[in-house]
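An overview of the molecular structure
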Amino acid sequence: QQQVKQSPQSLIVQKGGIPIINCAYENTAFDYFPWYQQFPGKGPALLIAIRPDVSEKKEGRFTISFNKSAKQFSLHIMDSQPGDSATYFCAASASNTGNQFYFGTGTSLTVIP
Amino acid sequence: DAGVTQSPTHLIKTRGQQVTLRCSPKSGHDTVSWYQQALGQGPQFIFQYYEEEERQRGNFPDRFSGHQFPNYSSELNVNALLLGDSALYLCASSITGGGGPQHFGDGTRLSIL
């Protein structure tokens, strides 16, 4: 059973566009929601993370929107660049169960120059 | 400040063999988690070590075992290797207390022939 459902599987945007990646979860005990970026041959790198007490968080060109009632969260990449082409994973964890991360299935993003 | 380091980077084994993978956590981190990432999939949690003990375990058979040393470094051991064990094995470190970020190494690519 997939604890975190991620969509779309792949995404192609033009340079300067705003790709949006969506994730949904069921476990209301989740209290930490990070996004990771992974390039081929590399491990996942933490991009940005949010906790359920806020509805939005921005760090540079990356924004997380969080909807607690809908149990959904999304990643927006502003002014996307070809260097943003990578696979993006959402994840969720619950601090009362030892911080085990549950990952989505990933979104392959391609930014066309 | 050294990040998470893993060794070896690549490994080729045959079915039935045993393998040991190694991980050194990021400076200041005391908790190590191991994940398996199959091609095109998100990482799947194997287990987590803190204070030299296994604290949490995912849905993996007991062919997968681990160890944490007093300096917080860790090993992942897999016995009786199967073709399906071919994957990228990722180590992530964090500060204990739960609910915080995990920092990943670049993984060990294990291929089973």
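Here, every reference points to the structure presented above.
Just so it is clear, the structure is predicted and the values come from calculations on it, not from any experiment.

Analysis parameters
- Residues numbered from 1 in each chain as written.
- Chains lettered and ligands numbered in written order.
- Predicted model: local features only at pLDDT ≥ 70, side-chain atom pairs only at ≥ 80, totals over all residues.
- Heavy atoms only, no water.
- Helix = DSSP H or I, 4+ residues; strand = E, 2+ residues; numbered from the N terminus.
- Contact = heavy atoms within 4.5 Å.
- Areas by Shrake-Rupley, 256 points an atom, 1.4 Å probe, with all protein chains shown as cover.
- Lys, Arg positive; Asp, Glu negative; His and termini not counted.
- Charge placed at Lys NZ, Arg CZ, Asp CG, Glu CD.
- Disulfide = S-S within 2.5 Å.
- Buried < 20%, exposed > 50% of the residue type's maximum accessible area, 1.4 Å probe, protein only.

Quick look at the overall build of chain A now. When you go through chain A residue by residue, the secondary structure sums to 0 helices and 11 strands. Each helix (α) and strand (β) of chain A, taken in turn from the N terminus, gives the series β-β-β-β-β-β-β-β-β-β-β. With the principal axes as the frame, chain A shows a C-alpha extent of 45 × 30 × 20 Å. Across chain A, contacts joining residues at least 24 apart in sequence account for 53% of those joining residues at least 6 apart. Here chain A has roughly 5,400 Å² of accessible surface; of this, 49% comes from carbon and sulfur atoms. The averaged location of the 7 negative side-chain charges in chain A is 3 Å from the averaged location of its 9 positive side-chain charges.

Next up on the list: the state of the cysteines. All names here are of chain B. For the structure shown, the criterion picks out 2 disulfides over all chains. Disulfide pairing is shown between Cys-23 and Cys-91; the S-S distance is 1.8 Å. On the sign convention where negative is left-handed, the bridge of Cys-23 and Cys-91, at about -60° about the S-S bond, is left-handed. In this pair, Cys-23 is assigned in strand β3 (residues 19-24) and Cys-91 in strand β9 (residues 87-94), connecting sequence segments 68 residues apart. Comparing Cys-23 with Cys-91, the two get one shared label, buried.

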